[in-house]
Amino acid sequence: MRRKIAAGNWKMNGLRAQAAVVEALAAEHGGADCEVVICPPAPLIPLLAGLGSGFAIGGQDCHPAASGAHTGDLSAEMLADAGASHVIVGHSERRTDHGEDDALVRAKAEAAWRAGLVAIICIGETEAERDADRTLPVIDAQLAGSVPDGATGANTVIAYEPVWAIGTGRTPSPDDIEHVHRAIRAGLAGRFGADPSEAIRLLYGGSVKPGNAAEIFALSDVDGGLVGGASLKAEDFGPIIAAAAR
Ligand SMILES: O=C[C@H](O)COP(=O)(O)O
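Scope of this entry: the structure provided in the associated data block. (Residues numbered from 1 in each chain as written. Predicted model: local features only at pLDDT ≥ 70, side-chain atom pairs only at ≥ 80, totals over all residues.)

## Structural notes on the overall build of the chain
We count it as follows: Runs of H or I in DSSP of at least four residues are treated as helices and runs of E of at least two as strands, each being numbered from the N terminus. Within these notes, the globule rule equals 2.2 Å times the number of residues to the 0.38 power, and the radius of gyration is based on C-alpha atoms. Residue burial is a threshold on neighbouring C-beta atoms within 10 Å of the residue's own C-beta, all placed from the backbone, with 20 or more meaning buried, 12 or fewer meaning exposed, and counts in between meaning partly exposed.
Each helix and strand in the chain was counted, giving eleven helices and eight strands. What you see for the chain is a C-alpha radius of gyration of 17 Å, in line with the 18 Å of a compact globule of 246 residues. With respect to the three principal axes, the spread of C-alpha positions in the chain is 45 × 45 × 35 Å. Looking at the chain as a whole, 46% of its 246 residues qualify as buried.

## Considering the pairing of strand 7 (residues 201–205)
Rules: Two strands pair under a simple rule: DSSP has to find at least two bridges between them.
The buried fraction of strand 7 is high, at five of five residues. Bridge count for strand 6 (residues 156–160) against strand 7 is four bridges, and the pairing is parallel. Following the sheet pairing, Tyr-160 is matched in strand 7 by Tyr-204. In terms of strand pairing, strand 7 meets strand 8 (residues 224–227) through two bridges, oriented parallel.

## Topic: the site of the ligand
Rules: The criterion for a residue being near a molecule or strand is a backbone-placed C-beta atom within 6 Å of that molecule or strand. Each residue gets one label: Ala, Val, Leu, Ile, Met, Phe, Trp, Tyr, Cys and Pro are nonpolar, Asp, Glu, Lys and Arg are charged, and the others, such as Gly, are polar.
Close to the ligand lie 14 residues, the nearest being Asn-9, Ile-166, Gly-205, Gly-228 and Gly-229. Considered class by class, the residues forming the shell around the ligand number five nonpolar, eight polar and one charged.

## Some remarks on the nonpolar core
In plain terms, the rule: Defined on buried residues, the nonpolar core groups Ala, Val, Leu, Ile, Met, Phe, Trp, Tyr and Cys residues joined through C-beta atoms within 7 Å. Contact between two residues is assigned when their C-beta atoms, built from the backbone, lie within 7 Å.
In this structure, Val-87, Val-89, Ala-112, Leu-117, Ile-120, Ile-121 and Ile-240 are the most contacted members of the largest nonpolar core, which totals 67 residues. If sequence neighbours within four positions are ignored, Val-87 has contacts with Gly-58, Gly-59, Cys-62, Ala-76, Leu-79, Ala-112, Leu-117, Ala-119 and Ile-120.

## A short note on the packing of helix 7 (residues 135–146) against helix 8 (residues 174–192)
Any two packed helices are characterised by the angle at which their axes cross and by the distance between the axes. As a reminder, the rule being used: Simply put, an axis is a line fit to the C-alpha atoms, just over the touching stretch for a helix, and the angle between two N-to-C directions goes from 0 to 180 degrees. Crossings are classed by handedness, with left-handed meaning an anticlockwise turn of the near helix from the far one by less than a right angle and right-handed meaning a clockwise turn.
As a packed pair, helix 7 and helix 8 sit with axes 10 Å apart at the nearest point and diverge in direction by 40°. The handedness of the crossing between helix 7 and helix 8 is right-handed. Between helix 7 and helix 8, the residues in contact are Thr-135, Leu-136, Ile-139, Asp-140 and Leu-143 and Val-180, Ala-183, Ile-184 and Gly-187, respectively. Class assignment for the residues of the contact of helix 7 with helix 8 results in six nonpolar, two polar and one charged.

## Structural notes on unusual backbone geometry
A negative phi angle is the norm for most residues apart from glycine, just as the trans form is the norm for most peptide bonds. Phi at Ser-207 is positive, roughly 60°, even though this residue is not glycine. The residue Ser-207 is located in the loop between strand 7 and helix 10 (213–217) in this model. Exposure remark for Ser-207: the 22 C-beta atoms within 10 Å place this residue in the buried category. Not every positive phi belongs to a glycine, and Asp-221 is a case in point at roughly 70°. Summarising the element assignment, Asp-221 is placed in the loop between helix 10 and strand 8.

## Overview of helix 11 (residues 234–244)
A turn of α-helix holds 3.6 residues, and therefore any two residues three or four places apart point the same way. Our working definition: In this description, one arc is meant: the one made by directions from the helix axis to the C-beta atoms.
All buried positions along helix 11 are accounted for by Phe-237, Ile-240, Ile-241, Ala-243 and Ala-244. All buried residues of helix 11 fall inside an arc of 160° around its axis, so they share one side.

Right, dumping it as structure tokens:
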């Protein structure tokens, strides 16, 4: 039985005062029967990790190298040292804004493992790819290219985020989400074996809200969500945590 995850990706939002959201969530949902992962902007990691909320804290990106002349970048080791246990890699905003390709995402996931972090590896098709009926081939190629050999349920979470659903208020139909998640699971099983692949949690991301989280999280092969905008407010993310804990 895979434990569900409610993961919040704050993206480039939040100053120190945003810690009050985590305190409010911990007060109401601290004992929820699911994993909660909060991925704030990196400067907030030590503050949030020090709250004693019981929630895991994650970074939003890392460099493949442990250290070196890479101005502005952060290594996985630095994130771990700051108090993170997880890191998102390959988010579509990184792939688009910073030209990250599958090979780089794979190297970042390996860096996360090297530092003892869980890699939350993001994949997902664009609207044009969906319209061209290429969702599954695109997903297969991203899985093959971005997920390193050695992925296990302990070191890897896969987040399926259709690019066209991120921040738009649009989501695929439940059938479509289930269809893609089944295909991801089958792809992982083909590569890593049935039992190991069963242990890898698959999150859905893209306009998850309090009103749709329970329905989405109940779908087969959906093990929770990677939530952007709705993770910024306790009144929105609280019900999403509750949906993951059902
Ligand atoms: O990482 C989170 C996703 O990009 C989803 O963002 P969203 O919930 O604002 O659509």
